[in-house]
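So you can see what is in the structure, the chains are spelled out below.
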Amino acid sequence: MVFMPNKSTPDYFFEKANQFFRRSRTGSNARVDLEALGNEFMVKAVDLDIKLQKIANGNYTASSPTRV
């Protein structure tokens, strides 16, 4: 993956997913594969976006070290 400083990672995944979806509609022989790749990027984008929102809101579920 190429680092893009002006875009967030979820935005990058959303953009890539849309690119695969658009290419799958061009009558390509690889239509099913392109749609599958688009779906994978969309899932990654949504998962990452949810995690980032939880972290930003302080609602993350990472366990904190226990104190004795």
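Only a predicted model underlies this, so the values are computations on that prediction, with no experimental measurement involved.

Draft legend 1. Representation of helix α1 (residues 9-24) in the model. Across its 16 residues, α1 extends 23 Å between first and last C-alpha, which sits within 8% of the 22 Å expected from 1.5 Å per residue. For α1, the set of buried residues is P10, Y12, F13, A17, Q19, F20, F21 and S24. Its buried side turned inward, α1 meets α2 (31-57).

Draft legend 2. Examining the packing of aromatic side chains more closely. Going through the model one piece at a time under the given rule, you end up with 3 aromatic pairs. On the basis of an interplanar angle of 50° and a centroid distance of 6.0 Å, the ring pair of Y12 and F13 is categorised as tilted. For Y12, a relative accessible area of 13% corresponds to the buried category. Seen from their ring centres, F13 and F41 are 5.7 Å apart, and the 50° between their planes marks the pair as tilted. Highlighted residues: F13 in helix α1 and F41 in helix α2, separated in sequence by 28 residues. Taken together, the ring pairs connect Y12, F13, F20 and F41 into an aromatic cluster. When the ring centre of F41 is taken as origin, the NZ or CZ atom of K44, which lies over that ring, is 5.9 Å away.

The rules behind each value
- Residues numbered from 1 in each chain as written.
- Predicted model: local features only at pLDDT ≥ 70, side-chain atom pairs only at ≥ 80, totals over all residues.
- Heavy atoms only, no water.
- Helix = DSSP H or I, 4+ residues; strand = E, 2+ residues; numbered from the N terminus.
- Expected span 1.5 Å × (residues − 1).
- Buried < 20%, exposed > 50% of the residue type's maximum accessible area, 1.4 Å probe, protein only.
- Contact = heavy atoms within 4.5 Å.
- Phe/Tyr/Trp six-rings, centres within 6.5 Å; stacked < 30°, edge-to-face > 60°.
- Lys NZ or Arg CZ within 6 Å of the ring centre and 35° of its normal.

Everything listed here is a matter of coordinates, which is why it stays silent on function.
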